[in-house]
Amino acid sequence: MMCLTALLVGCNTADMEQQIDELYGKMSQEERIAQLRSGYMDELFDEQGKLDTVKCQKLIPYGIGHFSQYASQKPTDPEVLRDRVAAVQDWLIHHTPNCIPALFHEEVLSGVNTRGATIYPQQIGQACSFNPQLAQLKTEQTGIAMRKMGGVLSLSPMVDVCRTPSFNRLEESYGEDAYLSAVMGTAFAKGLQQGDLRKGVGTCSKHYLGYGGGGDAEEKELMEEILLPHEAMIRLAGSKVVMPGYHAVHGTNCVANSEILQDILRDYVGFDGMVVSDYTAIDQLPGLENEVQKAAAAINGGNDVDFPRGSNYKHLQEAIDQGLVKPEVLERAVKNVLRHKFRAGLFDKEPYLYSKEKIVLDTPEERKTAYEIATQSIVLLENNGILPLRNVSNILVTGPNANSMWAMCGDYSFPAMSYFWKMVTEDLDHPHVIKLLEGMTSRQPEGVNVMYSRGCDWTEEIETKFSVSGDERAWEYEILHRKVDSGEKADKQEALNMAKQCDVIVAAVGENVMLCGENRDRQGLRLPGKQEQFVEDLLKTGKPVVLVVFGGRAQVISGLAERCAAVIQAWYPGEEGGNAVADILYGKVSPSAKLSVSYPNTEINEPICYNYSADKDPRIQWPFGYGLSYTSFEYKNLKVDKEPSTADMCVNLSFEVSNTGEVAADEIAQVYLSPTDSKQNIRPIQLQGFARVRLQPGQTKTVKVRLYTEQFGFYSHQGQRQWNICPGTFSIGVGASSADIRLKENVSLKGEQVTKPLREFYFSESFVE
């Protein structure tokens, strides 16, 4: 087949729209529908890894819009992967009617989801770093690597505001706070896209709107908080792809919900990008008889692309013939896809489809970033003075997560995806993942002896709970009904005997790839299996126990934590997690992370958030923003603009933070806004800024914060949606957590109420001097 259309030339927006119109006019109906579908690249290659052109002619004669999870289907060398992408793109450009390249997409939540790529800490841990600069560096590295391998679009990040502690996908989120989630999500997008979709990788905010909780919230909470991370990514970072969740909002599944996809997303937020379904989400539309009706419901509702295969959208012509879909609706969806391809530079004279240079994954620079994020994401919850470990001769490292990569790798990392979806159990240590035991032995100070006995397994029985939710490809007994085999004997008595010989016990407990994640859950949030009893037995030895908890969410450890010498929440800290935890235990690094969730002391299966009330919630053991250090900090000299106007752009404040201890460390100073009158239409307490302050012992630094007056505002919908800044007196609190406010000052906004259609400023700006 000869190519009929030359590649388009990059130009301005008006010219782009004109060329999209012209291209659409040249395309046959089969080509148009093909742009709304996806497939799996490996199906086009023979057993020898060569592109099978006969298969191409059969499967994609009219081209194809997308390729699904192209880098993670099987373990593949990055240059082989790149060469396969190159072969497919070449075939599309030279053997389809209008020469349209495809968008190859992949998951990049904790790095590129492919064998050998850097595995960074899971998102829930990274949020505890309160470090958007490091988050942006991570995704910039990820985007550079992925683009070299031919990837143009990511299906990341997840920016659900997750407020239910038991939610099995909480690990993918940035936690319970909308402001922090929005800051981190925007940093993710800026790094991955590099400010130019022609060289960066496109981001996709998911799971729109409220899949992780809040989809059924009152409109004010939905629009002010649950929407905020998506809105900020779109308006501040130029994110051009949105993925609706599997759930329903106001009774209609999101993938077919015109209220959220058209009215809110496009008409209110101003989104002008592409909407893609979550995998099999259209298949799950209830009350519809067949694929034709499901395709019509989704595309009419505002969804453009059918992932992972287009199994419903392949029937779109039937839907059009039956009068279920209007031609202009199809035109909208196809042009949204073409527009994204244009923005990504795929129609340029010299498009960046892949790199021709040698591709090296997991470079020293990337491992360094993974290590730095890990050290800044590990939260010290309790410490009676045992940490850092000094003047000890014998350390026992024990527990199910002491010598396992599954303590380090969260969901959507390549090992986890391979283990869960492909049921691969061997040869997954690529790149090499530093386990806790390895970190403890390789970093041990001179004269320290590290002993090891596993002592306890994660579970004795299969605890993974089946639930019909999420991606229906996992609704299989064989996938869910299994438990991780550590390959080691767990001998409790051996561990207890070793405990008698040690000075301190480091007990590594928690979850693994089968106990937390998409489509996986367990019965409760206390430690799985017999881990709790094992820790009890360790405590009975009389030796101090340092409890290190790994996993994708806060786990209920009340009753144990109070009797442990120290407690660390390590989350899933990535490939350098073993080194990071060891360096914190040995005192080479002072912990600095702060909780991105409210940590419960009891089972909670409903939304909780620090901003629901200014009063202490008795169900919370450690509050949002909390985390200990090896030093102490003093806050003083808060100064605030006293009487700014509602018409002013910002309110300035400053304060000092001093390191009053003996260890160099970072402090995360947090700024909260509260009302002084119950009639004020804002939350009782809300994070509105933060600064990571690096201090030497005895050092003092000044933090200056620019709070925008729009941050004092609120959403309303009385005839029209708008943002309101009202006069009034507000309380500004500065402190070490949401429950540890060290400094307070009031600020009075004067003047008339100011209304705007949308916010212009979403985040405060902090400067450390």
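To be clear, the structure that these remarks concern was listed above.
Here's what I pulled together on the structure shown here. (Residues numbered from 1 in each chain as written. Predicted model: local features only at pLDDT ≥ 70, side-chain atom pairs only at ≥ 80, totals over all residues. Heavy atoms only, no water.)

### Regarding the environment of Ser 413
For Ser 413, the position within the fold is in the loop between strand E11 (394–398) and helix H15 (414–421). Residue classification places Ser 413 among the buried residues on the basis of a relative accessible area of 3%. In this structure the C-alpha to C-alpha distance between Ser 413 and Cys 609, which are 196 residues apart in sequence, comes to 28 Å. Residue contacts for Ser 413: discarding those within four places in its chain leaves Ser 110, Asn 113 and Ile 119. (Helix = DSSP H or I, 4+ residues; strand = E, 2+ residues; numbered from the N terminus. Buried < 20%, exposed > 50% of the residue type's maximum accessible area, 1.4 Å probe, protein only. Contact = heavy atoms within 4.5 Å.)

### With respect to the packing of aromatic side chains
Evaluated as defined, the whole model comprises 20 aromatic pairs. Geometrically, the ring pair formed by Tyr 268 and Tyr 715 is edge-to-face, given 6.2 Å between the ring centres and 80° between the ring planes. Note that Tyr 268 is positioned in helix H10 (residues 258–268) and Tyr 715 in strand E23 (residues 714–717), a separation of 447 residues in sequence. Judged by its relative accessible area of 12%, Tyr 268 is buried. Through successive ring pairs, a cluster of aromatic residues spans Phe 130, Tyr 179, Tyr 610, Phe 624, Tyr 672, Phe 690, Tyr 762 and Phe 763. The ring centre of Phe 420 lies 3.6 Å from the NZ or CZ of Arg 520, which sits over that ring. The positively charged end of Arg 759 is found above the aromatic ring belonging to Trp 723, 3.8 Å away from the centroid. (Phe/Tyr/Trp six-rings, centres within 6.5 Å; stacked < 30°, edge-to-face > 60°. Lys NZ or Arg CZ within 6 Å of the ring centre and 35° of its normal.)

### Looking at the sheet that holds strand E24 (residues 721–725)
If you trace the 3 strands from one edge of the open sheet to the other, you get E23-E24-E27, paired in antiparallel fashion. On the outer flanks of this sheet lie E23 and strand E27 (754–756), each paired with one strand and no other. Averaged over all adjacent pairs, the angle separating strand axes in this sheet is 35°, with direction ignored. Sheet topology places E23 next to E24; 4 bridges connect them, and they run antiparallel. Residue pairing in the sheet places His 717 in a bridge with Arg 721 of E24. Along the sheet, helix H8 (residues 219–226) contacts E23 and E24; its crossing angle with E23, the most-contacted strand, is approximately 135°. (Pairing = 2+ DSSP bridges. Axes fitted to C-alpha atoms, helices over the stretch in contact; angles between N-to-C directions.)

### Things to note about the packing of helix H6 (residues 132–148) against helix H7 (residues 178–193)
It is the contact of H6 with H7, at a shortest axis distance of 7 Å, that shows an interaxial angle of 35°. The way H6 lies across H7 gives a crossing that is right-handed. For the pair H6 and H7, contact is made by Pro 132, Ala 135, Gln 136, Lys 138, Thr 139, Glu 140, Thr 142 and Gly 143 and by Val 183, Met 184, Ala 187, Phe 188, Lys 190, Gly 191 and Leu 192, respectively. (Left-handed = near helix turned anticlockwise from the far one by under 90°.)

### Some points on the side chain of Thr 369
Along the chain, Thr 369 falls in helix H14 (residues 364–377). If we skip the residues at most four places from it in the chain, Thr 369 touches Tyr 120, Leu 134, Leu 137, Lys 138 and Gln 141.

### Details of the packing of H6 against H14
One can describe the packing of H6 onto H14 by two numbers: an axis separation of 10 Å at closest approach and a directional angle of 150°. The orientation of H6 relative to H14 falls into the category roughly antiparallel. The chirality of how H6 crosses H14 is left-handed. Between H6 and H14, the contacting residues are Leu 134, Leu 137, Lys 138, Gln 141 and Ala 145 on the first element and Glu 365, Glu 366, Thr 369, Glu 372, Ile 373 and Gln 376 on the second. (Parallel < 35°, antiparallel > 145°, perpendicular 65-115°, else oblique.)

### Section: the environment of Arg 694
Relative to the helices and strands, Arg 694 is located in strand E21 (residues 686–695). Since its relative accessible area comes to 51%, Arg 694 is described here as exposed. Within the local environment of Arg 694, its side chain forms a polar contact with the side chain of Asp 666, the two groups lying 2.8 Å apart. (Polar contact = N/O pair within 3.5 Å; in protein donor to acceptor, adjacent residues only side chain to side chain.)

### Some words on the pattern of salt bridges
Tallied over the entire structure, the rule returns 49 salt bridges. Each of Arg 163, Glu 221, Glu 225 and Arg 683 takes part in one network of salt bridges that share partners. (Salt bridge = Lys/Arg side-chain N within 4 Å of Asp/Glu carboxyl O.)

### Topic: the layout of surface pockets
If you add up the space inside the largest pocket, you get close to 650 Å³. Taken together, 27 residues make up the lining of the largest pocket; nearest its centre are Pro 132, Gln 133, Val 183, Phe 690 and Ser 764. Those elements that provide at least two residues to the lining of the largest pocket are H6, H7, E21 and strand E28 (765–768). Taken together, the residues of the lining of the largest pocket sort by class into 13 nonpolar, 8 polar and 6 charged. (1 Å grid on protein atoms, 1.4 Å probe; cavity = no way out; pocket = protein on both sides within 12 Å on 5 of 7 lines; lining within 4 Å. Points joined across faces, edges and corners; volume = space filled by probe spheres on them. Nonpolar A, V, L, I, M, F, W, Y, C, P; charged D, E, K, R; others polar.)

### A look at unusual backbone geometry
A cis amide bond links Tyr 208 to the next residue, Leu 209, at an omega of 5°. Mapping Leu 209 onto the fold places it in the loop between strand E5 (204–208) and H8. Backbone torsion omega between Phe 307 and Pro 308 reads 5°, so that peptide bond is classified as cis. Within the fold, Pro 308 resides in the loop between helix H11 (291–301) and helix H12 (316–321).

### So, empty space enclosed by the protein
Regions of empty space are outlined by a rolling probe, equal in size to a water molecule, passed over the atoms. Per the stated rule, a full pass over the model turns up 8 cavities of 30 Å³ or more. Looking at the largest cavity, its volume works out to about 260 Å³. Together, 20 residues line the largest cavity, and Glu 224, Gln 686, Gln 688, Gln 711 and Gly 713 are the ones closest to its centre. Where the lining of the largest cavity is concerned, the elements lending two or more residues are H7, H8 and E21. Per-element tally for the lining of the largest cavity: the top contributor is H8, with 3 residues. Of the residues in the lining of the largest cavity, the class split is 9 nonpolar, 5 polar and 6 charged.

### What to know about the state of the cysteines
For the structure shown, the criterion picks out 0 disulfides. Its sulfur unpaired, Cys 56 is 15 Å from the next cysteine sulfur, which belongs to Cys 99. This cysteine, Cys 564, is not joined by any disulfide, and Cys 502 carries the nearest cysteine sulfur, 13 Å off. For Cys 564, a relative accessible area of 8% corresponds to the buried category. (Disulfide = S-S within 2.5 Å.)

### What about the pairing of strand E15 (residues 566–571)?
Along E15, 6 of the 6 residues are buried, which leaves the element largely enclosed by surrounding structure. Alternating positions in E15 separate into two faces, Ala 566, Ile 568 and Ala 570 on one and Val 567, Gln 569 and Trp 571 on the other, with burial throughout. In this structure, strand E10 (residues 379–383) lies alongside E15, joined through 4 bridges in antiparallel fashion. When the sheet's bridge partners are listed, Glu 382 is paired in E15 with Val 567. Of the strand pairs in this sheet, strand E14 (residues 545–550) and E15 are connected by 5 bridges, and their pairing is parallel. The residue bridging Val 548 from the neighbouring strand is Ile 568, located in E15.

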